[in-house]
Each structure stands twice: as structure tokens, then as C-alpha cells.
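# Descriptive structure summary
Each chain, written out:
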Amino acid sequence: LLERAGRLAATAMLNWLARTDISLEERAAAYDLLPDVNFDDSSLNGVCGTIVEKCFAAAIADQRILLTEDGQLTIKNKSVLLPSDVVHIWPAEQAAKLLDEESRPPLCLYINAPNREKLLNWEVVEEIDKQDFIDVLQKKHLPKPETWRRLMCLWTYVAPEVTGYWNSNKAKIVRIVP
């Protein structure tokens, strides 16, 4: 019964994600069905959850489960998770191309934080975090954001990491000018 529940939840999530007749926001809610169980939990609840999650995992193996910003579905690790602050600087598609060496499409922005965390725990998506962003700024000359507001968002995002006495070396090698 638990195995059937895991397969049913996986099938429901896959079908929900594949629906192009509903909004991206509604499709992103499909990840609420993704289980996230602590496999070390030896209680009855933990053991049952583990059985469900393992069957769920088998059912979605090699399936297109990552909803991208353009509404497409990709397989494991063929999409990238961007920090929400970065999409205030550049459009998501442009930011992904600038920050990801593989130019993978960005994960849908409507996926809420708990579901993003589940996808990271499942190791099906790679996250570009703030340090990765700073590393890219140290290696590449990125294009200027389109508006003053977006430029201000860039400075607001990177300032704590590159300013101040303890970060003076980082500030010298970041390839942006205030």
C-alpha cells in the first residue's frame, strides 16, 4: 500500500507539472507532493515515509521533473536554481546564462522556498549561491543591469560581501565599479 502511494504521488506530480493549460504558479505547486523524509528516522512514521519516498524516487527516475522559468520540463541537473535577489538584477534567463558555465535554464521562480529546499535535498538541481555569484564577478565582466534600480539591487546584493575592512581584498578583484 505504501509503495502504491509513492508511485501514485509521483505520477500525480509528473502529470501536474506537465500541464500546459495552467499557470506556472499552479504547476510549481506540484512539488508539494515531493516527499522529503529523514531516512535515519527509525520510528514507524519514518519507516513508512522512507518506503513511500523510495518508491516515489523510482517512479520519477529519468523523468523530466524540473520546471523551468519558460515552462519547460528538464531532467535531473539540467536546470539551475538562482538566488531570488539575482533575478532582480537581470532577467532569469540572462542571469542563468551569465552565471552558469553550462547555460542551463533557470528553475521556475514560482517554486516556493520549502519546495526548492526539497529539490536540493533530492540533489536534482544545482544552486548558484551568493558565493558562486561573487566568484563569477571576480572572473567575468558581466553586463550592466538595464536600469538604475537593477544596478542598485546588484550593489545591495554584493556590498556586504565586498565592502568593509575584512573584505578589502575581495573588493579589489570584483569586476564592477560603483
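Residues numbered from 1 in each chain as written. Predicted model: local features only at pLDDT ≥ 70, side-chain atom pairs only at ≥ 80, totals over all residues. Heavy atoms only, no water.

## Some thoughts on the packing of aromatic side chains
Put simply, the test is: Pairing of aromatic side chains requires ring centres within 6.5 Å, counting the rings of Phe and Tyr and the six-membered ring of Trp. Pairs whose planes differ by under 30 degrees are stacked, by over 60 edge-to-face, and all others tilted. We count a stretch as a helix when DSSP gives it H or I for four or more residues in a row; a strand needs E for two or more, and each element gets its number in order from the N terminus. Exposure is judged per residue with a 1.4 Å probe applied to protein chains only, and the accessible area is read against the type maximum: over 50% gives exposed, under 20% gives buried, and values in between give partly exposed.
Tallied over the full model, the rule gives three aromatic pairs. When the ring of Phe 56 is compared with that of Trp 122, the centres are 5.7 Å apart and the planes differ by 70°; the resulting orientation is edge-to-face. Within this pair, whereas Phe 56 is found in helix α3 (residues 44-60), its partner Trp 122 is found in the loop between α5 (113-121) and β4 (126-127), the two being separated by 66 residues in sequence. The residues Phe 56 and Trp 122 share a single accessibility class, namely buried.

## Regarding unusual backbone geometry
Of note, the phi angle at Asn 77 is positive, near 60°, even though the residue is not glycine. Mapped onto the secondary structure, Asn 77 falls in the loop between β2 (73-74) and β3 (80-81). The residue Ser 103 is not glycine, and still its phi comes out positive at about 55°. For Ser 103, a relative accessible area of 40% corresponds to the partly exposed category.

## Here we look at a negative patch on the surface
Here is the rule we go by: In this scheme, patches are assembled from residues that exceed 30% relative accessible area and form no salt bridge. Like charges are connected within 9 Å, while nonpolar side chains (Val, Leu, Ile, Met, Phe, Trp, Tyr) are connected within 5 Å. In this description, accessible areas are obtained by the Shrake-Rupley approach with a 1.4 Å probe, and a residue is regarded as covered only by the protein chains that are shown. By definition, a salt bridge exists where a carboxyl oxygen of Asp or Glu is found within 4 Å of a side-chain nitrogen of Lys or Arg. Charged residues are defined narrowly, with Lys and Arg counted positive, Asp and Glu counted negative, and His plus the chain ends left uncounted. To locate a charge, take NZ of a lysine, CZ of an arginine, CG of an aspartate or CD of a glutamate.
Taken together, the side chains of Asp 36, Glu 117, Glu 127, Asp 129 and Asp 132 make up a negatively charged region of the molecular surface. Relative to the assigned elements, Asp 132 resides in helix α6 (residues 130-139). On the basis of relative accessibility, which here comes to 32%, the residue Asp 132 falls in the partly exposed class.

## Looking at the side chain of Arg 116
How we decide: Residues adjacent in sequence count toward polar contacts only when both atoms are side-chain atoms; beyond that, a polar contact is any pair of N or O atoms within 3.5 Å, and within protein one must be able to donate a hydrogen and the other to accept it.
For Arg 116, the position within the fold is in helix α5. Here Arg 116 sits buried without a salt bridge, and the closest side chain of opposite charge, Glu 127, lies 6.5 Å off (N-O distance). In terms of polar contacts, Arg 116 uses its side chain to reach the backbone carbonyl oxygen of Cys 108, at 3.5 Å. Within the structure, the side chain of Arg 116 is placed 2.9 Å from the backbone oxygen of Ile 111, a separation counted as a polar contact.

Geometric values such as these leave the question of function open.
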